[in-house]
Structures are given as structure tokens and as C-alpha cells.
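Coordinates in review
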Amino acid sequence: MTKKVAVILSGCGVYDGAEIHESVITLLRLDQRGAQVQCFAPNIAQLHVIDHLTGEEMPESRNVLVESARIARGEVKDIREAKAEDFDALIVPGGFGAAKNLSNFAVEGANCTLNPDVLALAEAFADACKPVGLICISPALAAKIYGPGVVCTIGKDAGTAAAVVKMGGTHEECDVHDIVEDVQRKLVTTPAYMEAKSISEAAGGIYKLVDRVLELTHEND
């Protein structure tokens, strides 16, 4: 049976949106495994726009949904249209957009909040005990979705790991090539570019994450 997977994007570009390599690798692996995919993104303004050549902030405004359409080749919907009951699993690639647009983690750290529509969708998957994959910095949001005790990884970055723990999460260090699974919650996480030094390194863990998320969707078949 073909599995349906929702993917949440957060813009386009590592410094102010979704990490493009992580997003494309995720979409590629889902397609290779025969999954039916629908991308979603919040229809909101980005926190800011970063010049990816210089790293400097630019004096303009961009929309997260419109920018996400660049990665999805136009096949992206407003996250308010997403319903957990229509999908078997959820995956969220990383990039600073997860910490700037899907949440305000980049500004508030452990005191962060999630975009209400993102939180509502993620909580719906959690409440239904459907598999979820969080990549790179996205696992930093796990405790806000699942509550205290959730097991996840952002790799080995001490500062981010400390914020995860402060929010009530249980952090496990993880190599770039591997995944961490919270078996009870069906949550799978991988460091990707929190640790990766190349696109191949990022792909190793992301492939494992996608494969495991899809395996979990078959548990009740």
C-alpha cells in the first residue's frame, strides 16, 4: 500500500528557510521508496531574509509558503489545509527556517513557541501515534510537541542539546550517519547538517530516517 507523507518546509535556504539539501534528499528518498508526498508550509512572512552569499540580512520581506514553493516546484500547500488523518507520517527537514519561521527557537531558545498551525498539525500526528521524522535543528522542537521525556537528537552540539533538556527533552548524542528513535512516540531524529560536513554525510542519516519512518507506518498493516 502506498503511504502518504506530509513534509513541512520553512522557506528556501539554510540561513532563513528550509535547508535545501536536506529537503531535496528527504523528497528524493520518499520518492525512491514509493511514498506519496505533499509539502506544506505556513503562509506567513519569514523572520528575515539573509543574503546566502554574504550572510548579511537583506532589507526585504519574503513569504514562507512562496519561498517553499521553490523547493517543491510549486507543489506546496498552506499548512492550514493539512490534516493528520489524511497522512501516514510527517517529516520536517531542518535549516534555520525551522528555528525562525516554524518557531522562534532561534530567538527565544528553550522559551520558544511554535507557529500555532505547525504545532497543531504536529500534535495531531503525535496524538494519533503516527510516525514523525525531525531532521537537523527541527528535533529541538520535539519537547514542545510531545512534552517532557521525549527522546531525540540534534547531534553533538552542547548548547542546542542543553536547550532541548531545559525544555524537558531527553537528548542522545548521535553520529551524522545515524538516527535516534523514541520507540514509544514513533519519533525518529537525525543530525544531518548539525554535524554533516558534506551532502553525502547528510544523506546517510536522512535516508535512514526516511526508511525508518516508512517502516513504522507499516506496523499496523
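Refer to the structure above for everything that follows.
The sections below set out a description of the structure shown in this document. Note that residues are indexed from 1 along each chain, following the sequence as it is written. Only residues with pLDDT of at least 70 are given local features in this predicted model, and only at 80 or more are side-chain atom pairs given and counted; all residues enter the totals for whole chains, interfaces and linings. The basis for the side-chain values is all heavy atoms of the structure; hydrogens and waters are excluded.

Considering the packing of helix 1 (residues 20-32) against helix 8 (residues 199-217)
To get an axis, fit a line to the C-alpha atoms, keeping to the stretch in contact for a helix; angles then go from 0 to 180 degrees between the N-to-C directions. Elements are defined by DSSP. Helices are runs of H or I of four residues or more, strands are runs of E of two residues or more, and each kind is numbered from the N terminus. The contact between helix 1 and helix 8 brings their axes to 9 Å, and the two run at 45 degrees. If you check the angle between helix 1 and helix 8, you find them oblique. Viewed along their axes, helix 1 and helix 8 form a crossing whose handedness is right-handed. The segment helix 1 lies against helix 8, with His 21, Glu 22, Ile 25, Thr 26, Leu 28, Arg 29, Leu 30 and Gln 32 engaging Ile 199, Ala 203, Ile 206, Tyr 207, Val 210, Asp 211 and Leu 214. Along the lines of polarity and charge, the residues of the contact of helix 1 with helix 8 split into nine nonpolar, three polar and three charged. Oblique is the label for every angle not falling under 35 degrees (roughly parallel), over 145 degrees (roughly antiparallel), or within 65 to 115 degrees (roughly perpendicular). Note: crossing handedness is left-handed where the near helix turns anticlockwise from the far helix by less than a right angle, and right-handed where it turns clockwise. Only heavy atoms enter the contact rule, under which two residues are in contact if any of them lie within 4.5 Å. In this count, Pro and Cys sit with the nonpolar residues alongside Ala, Val, Leu, Ile, Met, Phe, Trp and Tyr, while Asp, Glu, Lys and Arg are called charged and the others, Gly among them, polar.

Concerning helix 1
Multiply 1.5 Å by the residue count of a helix minus one, and that product is the helix's expected span. End to end, helix 1 covers 18 Å across 13 residues, agreeing with the expected 18 Å (1.5 Å per residue, within 8%). Type-normalised accessible area, obtained with a 1.4 Å probe on protein chains alone, sets the label of each residue: buried when under 20%, exposed when over 50%, and partly exposed for intermediate values. Those residues of helix 1 not exposed but buried are Glu 22, Ser 23, Ile 25, Thr 26, Arg 29 and Leu 30. What you see down the axis of helix 1 is that its buried residues fit within an arc of 165 degrees, all on one side. Elements in contact with the buried residues of helix 1: strand 1 (4-8), strand 2 (36-41), helix 2 (64-71), strand 6 (89-92), strand 7 (132-135) and helix 8. A 3.5 Å cut-off defines polar contacts: any pair of N or O atoms within that distance qualifies, except that in protein one atom must be a possible hydrogen donor and the other a possible acceptor, and neighbouring residues in sequence count only when both atoms are side-chain atoms. Its side-chain oxygen at 2.8 Å from the backbone nitrogen of His 21, Glu 19 defines the N-terminal cap of helix 1. Positive backbone phi, approximately 80 degrees, marks Gly 34, located one or two places after helix 1. Taking the helix axis as origin, the arc is that swept by the directions to the C-beta atoms.

Observations regarding the side chain of Asp 16
With respect to the secondary-structure elements, Asp 16 resides in the loop between strand 1 and helix 1. Setting aside residues up to four positions removed in sequence, Asp 16 forms contacts with Ser 10, Gln 46, His 48, Val 49, Ile 50, His 52, Phe 96, Gly 97 and Asn 101.

Some points on the packing of aromatic side chains
Only the six-membered ring of Trp is used, alongside the rings of Phe and Tyr, when aromatic pairs are assigned; centres must lie within 6.5 Å, and planes under 30 degrees apart are stacked while those over 60 apart are edge-to-face, with the rest tilted. For the structure shown, the criterion picks out two aromatic pairs. Arranged with centres 6.5 Å apart and planes meeting at 35 degrees, the rings of Tyr 15 and Phe 96 form a pair that is tilted. One end of the pair, Tyr 15, is in the loop between strand 1 and helix 1; the other, Phe 96, is in helix 3 (residues 96-100), with 81 residues separating them in the sequence. Looking at Phe 96, the relative accessible area reads 41%, which means it is partly exposed. When the ring of Phe 40 is compared with that of Phe 87, the centres are 5.6 Å apart and the planes differ by 90 degrees; the resulting orientation is edge-to-face. With Phe 40 in strand 2 and Phe 87 in the loop between strand 5 (76-78) and strand 6, this pair connects stretches of sequence that are 47 residues apart. Cation placement over rings: the criterion is NZ of Lys or CZ of Arg within 6 Å of the ring centroid and within 35° of the ring normal. Here the basic side chain of Lys 4 rests over the ring of Phe 87, its NZ or CZ set 5.6 Å away from the ring centre. A cation over an aromatic ring shows up here: Lys 100 above the ring of Phe 96, its NZ or CZ 4.9 Å from the ring centre.

Some thoughts on the pattern of salt bridges
By convention in these notes, a salt bridge is any Lys or Arg side-chain nitrogen within 4 Å of a carboxyl oxygen on Asp or Glu. Counted according to the given criterion, the structure contains eleven salt bridges. Taking the shortest distance from any N to any O, the salt bridge between Glu 67 and Arg 62 comes out at 3.4 Å. For Glu 67, a relative accessible area of 6% translates into the label buried. Because the salt bridges share partners, they merge into one network encompassing Glu 60, Arg 62, Glu 67 and Arg 70.

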